[in-house]
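Listed below, chain by chain, are the residues.
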There are 2 protein chains.
Amino acid sequence: MLLAGRGSSDNAARYAQYLLGAHNGLGVALAVPSLFTLYESPPRLSRALTIGVSQSGQSPDIVAVLREARAQGGITLALSNEPESPLSRAAEYTLPLLAGPELSVAATKTYSAQLFLLGHAERGARGKSRALGRARARAGLARRGDRTEFGPRARRGPRFGLRASLIVLGRGFNYSTAFEIALKLKETSYLPAEQFSVADLLHGPLAMIDQDFSVVLLAPSGRSLVDVPELLARLEARGARVLAISDAPDVQRRVPMHLALPRGVPEWLSPIVSVVPGQLFAGALAQSLGHDPDCHAVCLR
Amino acid sequence: MLLAGRGSSDNAARYAQYLLGAHNGLGVALAVPSLFTLYESPPRLSRALTIGVSQSGQSPDIVAVLREARAQGGITLALSNEPESPLSRAAEYTLPLLAGPELSVAATKTYSAQLFLLGHAERGARGKSRALGRARARAGLARRGDRTEFGPRARRGPRFGLRASLIVLGRGFNYSTAFEIALKLKETSYLPAEQFSVADLLHGPLAMIDQDFSVVLLAPSGRSLVDVPELLARLEARGARVLAISDAPDVQRRVPMHLALPRGVPEWLSPIVSVVPGQLFAGALAQSLGHDPDCHAVCLR
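The sections below set out a description of the structure shown in this document. Quick caveat: nothing in here was measured; it's all calculated off a predicted structure.

## Things to note about the pairing of strand 8 (residues 213-218) of chain B
Residue and element names in this part refer to chain B. The buried fraction of strand 8 is high, at 6 of 6 residues. In terms of strand pairing, strand 6 (residues 165-170) meets strand 8 through 5 bridges, oriented parallel. From the neighbouring strand, I167 faces strand 8, where its bridge partner is V215. Taken together, the 5 bridges between strand 8 and strand 9 (residues 241-246) define a ladder with parallel strand orientation. Along strand 9, the bridge assignment pairs L217 with A244. Note that the unit made of strand 8, helix 11 (residues 228-237) and strand 9 has a crossover that is right-handed.

## Looking at unusual backbone geometry
Of note, E40(A) is a non-glycine position whose phi angle comes to about 50 degrees, a positive value. One can find E40(A) in the loop between helix 2 (33-36) and strand 3 (49-54). Positive phi, close to 60 degrees, is recorded for Y190(B), a residue that is not glycine. Among the structural elements, Y190(B) can be located in the loop between helix 9 (175-189) and strand 7 (194-197).

## A word on the layout of surface pockets
For the largest pocket, the calculated volume is near 1,100 Å³. Together, 34 residues line the largest pocket, and M1(A), G27(A), A48(A), M1(B) and G27(B) are the ones closest to its centre. At the level of elements, strand 2 (29-30) and helix 2 of chain A together with helix 1 (8-24) of chain B are the ones that each hand at least two residues to the lining of the largest pocket. Along the lines of polarity and charge, the residues of the lining of the largest pocket split into 22 nonpolar, 8 polar and 4 charged.

## Side note on the sheet that holds strand 4 (residues 75-80) of chain A
All names here are of chain A. One open sheet holds the 5 strands; their spatial order is 2-1-3-4-5, and the pairing between them is parallel. Of all the strands in the sheet, just strand 2 and strand 5 (93-96) have a single pairing partner and so form its edges. Contacting strand 1 (2-4), strand 3 and strand 4, helix 3 (residues 60-71) runs over the sheet at an angle of about 160 degrees to strand 3.

Scoring rules and cut-offs
- Residue numbering note: each chain is counted from 1, following its sequence as written.
- As a convention, the first chain written is A and the first ligand written is 1, with the rest following in written order.
- In keeping with the model being predicted, local features are shown solely for residues with a pLDDT of at least 70 and side-chain atom pairs are shown and tallied solely at 80 or more, while totals for entire chains, interfaces and linings include all residues.
- Derived side-chain values reflect all non-hydrogen atoms in the structure, with water molecules and hydrogen atoms excluded from consideration.
- Residue exposure (1.4 Å probe, protein chains only): buried if accessible area is under 20% of the type maximum, exposed if over 50%, otherwise partly exposed.
- What counts as a helix is a DSSP run of H or I of at least four residues, what counts as a strand is a run of E of at least two, and both are numbered from the N terminus.
- For two strands to be treated as a pair, DSSP must find at least two bridges joining them.
- Whether a crossover is right-handed comes down to one check: with the strands pointing away from the viewer, does the path from the first strand over the helix to the second run clockwise; if it does, it is right-handed.
- Grid spacing is 1 Å over the protein atoms alone, the probe is 1.4 Å, and a cavity is where that probe fits but cannot get out, while a pocket is an open set with protein on both sides within 12 Å along at least five of seven lines and lining residues have an atom within 4 Å of a point.
- Grid points are joined across faces, edges and corners, and a volume is the space filled by probe spheres set on the points.
- The classification used treats Ala, Val, Leu, Ile, Met, Phe, Trp, Tyr, Cys and Pro as nonpolar, Asp, Glu, Lys and Arg as charged, and all other residues, Gly among them, as polar.
- Contacts are residue-level and defined by heavy atoms, with any inter-residue pair within 4.5 Å sufficient.
- A fitted line through C-alpha atoms represents every axis, and for helices the fit uses only the stretch in contact; the resulting angles, taken between N-to-C directions, go from 0 to 180 degrees.

Next up, the structure:
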């Protein structure tokens, strides 16, 4: 299976890579669009399912991937919010996101809709539909948190203690969430926030972390929590400032600055919920820094 | 085909993803080790070739990927500098790097050796062996540049104009090089340097670039140069400081601060050569900032 997307859609594809690998046993590759466009030497896809993910369905290189895969006789599917878009026309099948117009320049609700739709491709979990519905409801709950818990906390940009460097950490299913929150921070606050998997960070780049770093740590309950105590000890020893996004009581006790996630969401669905406080935090931080989170299309010119 | 590596070895795997896709038509996925270790739900690999890349051959999660792939009946290959390592024992086949002991804590010559070995997997290019040999020789030439061109220039840390944020840009075959140079900058200078593909940067994060950014731009001759003029104009307009690594006369003329690559290396082999000035630059920058590039194993503790 090949998944192709740019930006937020690429991050949604990364979620699918974990989900379909862990629960469906599928080998999932993220596409390298340059092979289709720049080098005009695409890989063989006649026996693959190729999925193009794009909110607008306009991204020319993602359209090129789907067009080539279909020409080779492979199965092609578009996940797009625009059923009449070039991407949908290029693919044999389309699943519409049905999210309504994306009002945010830095896509937010369509990212959630992509995760929700990709979540349906999972097989094997008991009570899947109910679990998906609950996760969606809890993401709504998290979103309403804008007016209750997340908002006021997230708006405390200065109190959050933003330092010279900012990174976002996640692992497993929420590695995709780390990518997405880092992208939102870049797009709306213009902060060069890089994402790391906890495993990769411990393999080397941890050496750069010191008191000049703020760290956003995704730590929803589940297997990926296993490294978190050691990680927190290392970050503390190095003087980094940590903001945790977690439903786990241990993490919340340990990290004074945290955004609480609703409980009871299984790890494989937690990305649907855990991205929301990150999106709100990015938006609030942008505003506290004097930026309009929706200006970047204009700023870009 | 599935490729598994951590750190520099993962970056070498990314080179192979482009090379084997563009020249051999192969769909290459980069492994998600968490599926094998953390979630114990590996994808089906019985019909795949799985390649583990590791300098030391010790990385437990890469060993776990190879062990599982072999247990499933797939073909397994280790690329390691240690033919008696756990990785080599886990794999059915081993290709030794034959690079001699890696003396640099932040792997350098073994990265080159991995690229060189992976370059042999390419098929179709005329005069491949000669081209590979030439690229290797020119990488040596670039390395000798330490005492001639690259060294003194790269050592001018302050004159390079290091700003608050640092990013590394590449595209196509040299997207891997951007990852590797960014990793070296993190590991030796403790600078949070993030890599971007030029295409991804233009898709959104360009909005964050301003006069507080230094940019290392990989621009070897070839198809990936197509976006470079537009990119340079945008970076200039935003006041970023650019250091180019290029053999292209146009780029060298346009960017006053550049490290010249030897000419005559085809694009598909350019990563073997273009990483060298980046490694030297990272080492020299570390020293100019008062760091020992080989201390991080100690610093990490």
